[in-house]
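Summary of structural features
Chain residues, written in single-letter form:
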Amino acid sequence: MTTAQPQELDVQPTPLALLLLGREADPRSERGVECPGDLPSPSDPDLVARARAAKERLGDKVFVLGHHYQRDEVIQFADVTGDSFKLARDAAARPEAEYIVFCGVHFMAESADILTGDDQKVVLPDLAAGCSMADMATAEQVAECWDVLTEAGIVERVVPVSYMNSSADIKAFTGRHGGTICTSSNAERALEWAFEQGDKVLFLPDQHLGRNTAVRDLGMSLEDCVLYNPHKPDGGLTAEQLRDARMILWRGHCSVHGRFSLESVEDVRARIPGVNVLVHPECRHEVVAAADQVGSTEYIIKALEAAPAGSKWAIGTELNLVRRLANRFAPEGKEIVFLDRTVCFCSTMNRIDLPHLVWTLESLADGKLVNRIEVDPETERYAKLALERMLALP
């Protein structure tokens, strides 16, 4: 009887394995997922010293951006914090920075690359940090939708408006077809502009922001809106429905904001008498309708800054930001709670942790460029056109 001798295997990591490790990217997908639950325990304290040392070595060559939804251990190293568009503009205002390290998700880093100079390099610490909403609208799906609108005989009357939370491909589609980009802060003005160009809007990719803005801000009815489902033939709509609609909403949503429900609002009002409910416009329409105030992340922060001492607030947005605001305003006697009882962090946003940031900064300090986000020139050209239309809005 003989025993087979073990052989050395030339095992190469698969693209999926590299993607999960955050060392490779899938250019056709944001890789966004839903993953409610608590965060892992804080990183090794030694990493704080390593991150600080690497950042000091880089000096003015690096500019670190931190989105509001990032965890505290990452935010402490951000040169500026804000929402996705504010951060992209902040990066563009720092032409002396060779490296832009974007602690956010993939579409945000793409926007920063579009708006910064050709000699600047945008880096995402984990290439698997995507956005579930952005992943819900692919270039192929949107092109097919445009064909459906063409067959319905209405495409000449449709103006695309895409939320900032979309891929560079979708922004480029929007620019190519005469549309504009919007943020949660200026969605109303963007829709007003669009209806000055045509009588129908294709709103991508967040159905809730589109519906809430049309109904709550522009006074439309829910019947003016139809929902295009890219997974159904012709979007699940008839030509007559498309012709009758004013707002054609893409079937996409934020995995965090979409979790909040009317029951969440009713429950918190019962538990905390006198509470003010403040939610993000990416929440469902019934949640927005039941809230006391609605606004972007920047609006939420400013509202709490202006709130009187002793006031009570239930916030419907990502938990990292809510918890940070609760700690910030506790000394002023402001009670701030998460709207829902179920903990739900943005799982892909939280992929940017301290180990990934340390690896990124140390690599750059050693002269090794890692995880660069680069938008191809043709896509950048039309995406920038759509962004410039937004910037030109009064």
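Residues numbered from 1 in each chain as written. Predicted model: local features only at pLDDT ≥ 70, side-chain atom pairs only at ≥ 80, totals over all residues. Heavy atoms only, no water.

Where helix H7 (residues 168-176) meets helix H16 (residues 377-391), the closest approach of the two axes is 7 Å, and the angle between their N-to-C directions is 70 degrees. In terms of orientation, H7 lies roughly perpendicular with respect to H16. Two packed elements cross with a definite hand, and for H7 against H16 that hand is left-handed. Contact with H7, carried on its side by Ala168, Asp169, Lys171, Ala172, Thr174, Gly175 and Arg176, involves Thr379, Tyr382, Ala383, Leu385, Ala386 and Arg389 of H16 and no other residues of that element. Of the residues belonging to the contact of H7 with H16, the class tally is six nonpolar, three polar and four charged. (Axes fitted to C-alpha atoms, helices over the stretch in contact; angles between N-to-C directions. Helix = DSSP H or I, 4+ residues; strand = E, 2+ residues; numbered from the N terminus. Parallel < 35°, antiparallel > 145°, perpendicular 65-115°, else oblique. Left-handed = near helix turned anticlockwise from the far one by under 90°. Contact = heavy atoms within 4.5 Å. Nonpolar A, V, L, I, M, F, W, Y, C, P; charged D, E, K, R; others polar.)

Residues of the chain with pLDDT of at least 70 account for 89%, and the chain-wide mean is 89. Throughout residues 1-11 the model reports pLDDT below 50, and contacts reaching past four residues in sequence, or to other chains, amount to zero contacts. (pLDDT = per-residue confidence, 0-100.)

The next subject is unusual backbone geometry. In this chain, Leu204 is followed by Pro205 through a cis amide linkage whose omega measures -20 degrees. The topology assignment puts Pro205 in the loop between strand E7 (200-204) and helix H9 (207-217). Positive phi, close to 55 degrees, is recorded for Asp234, a residue that is not glycine. Relative to the helices and strands, Asp234 is located in the loop between strand E8 (225-228) and helix H10 (239-244). A residue is classified by how much of its surface remains accessible, and Asp234, at 40% relative accessible area, is partly exposed. The backbone of Asn371 sits at a positive phi, close to 50 degrees, despite the residue not being glycine. Position of Asn371 relative to the elements: it lies in the loop between helix H15 (354-365) and strand E14 (372-373). (Buried < 20%, exposed > 50% of the residue type's maximum accessible area, 1.4 Å probe, protein only.)

For the rest of this paragraph, the subject is the sheet that holds strand E9 (residues 247-250). With parallel pairing, five strands are arranged side by side in an open sheet as E6-E5-E7-E9-E8. Strand pairing shows two members of the sheet lacking a second neighbour, strand E6 (180-182) and E8, which therefore form its edges. In this sheet, neighbouring strand axes are inclined to one another by 25 degrees on average, regardless of whether the strands run parallel or antiparallel. Both E7 and E9 contribute to a ladder of three bridges, which runs parallel. Bridging across to E9, Phe203 finds its partner in Leu249. (Pairing = 2+ DSSP bridges.)

This part covers the layout of surface pockets. One number sums up the size of the second largest pocket: a volume of about 260 Å³. In terms of lining, the second largest pocket is formed by 16 residues, of which the most central are Ser184, Ser185, Asp217, Val294 and Gly295. Taken together, the elements giving at least two residues each to the lining of the second largest pocket come down to helix H8 (187-197) and H9. When residues in the lining of the second largest pocket are grouped by element, the largest group, five residues, is from H9. Grouping the amino acids of the lining of the second largest pocket by side-chain chemistry returns six nonpolar, six polar and four charged. (1 Å grid on protein atoms, 1.4 Å probe; cavity = no way out; pocket = protein on both sides within 12 Å on 5 of 7 lines; lining within 4 Å. Points joined across faces, edges and corners; volume = space filled by probe spheres on them.)

Structurally, Ala314 is set in strand E12 (residues 312-316). Sequence separation of Ala314 and Val279 is 35 residues, and the distance between their C-alpha atoms is 8.2 Å. With near-sequence residues (within four places) excluded, Ala314 lies in contact with Val268, Val275, Asn276, Val277, Leu278, Val337 and Leu339.

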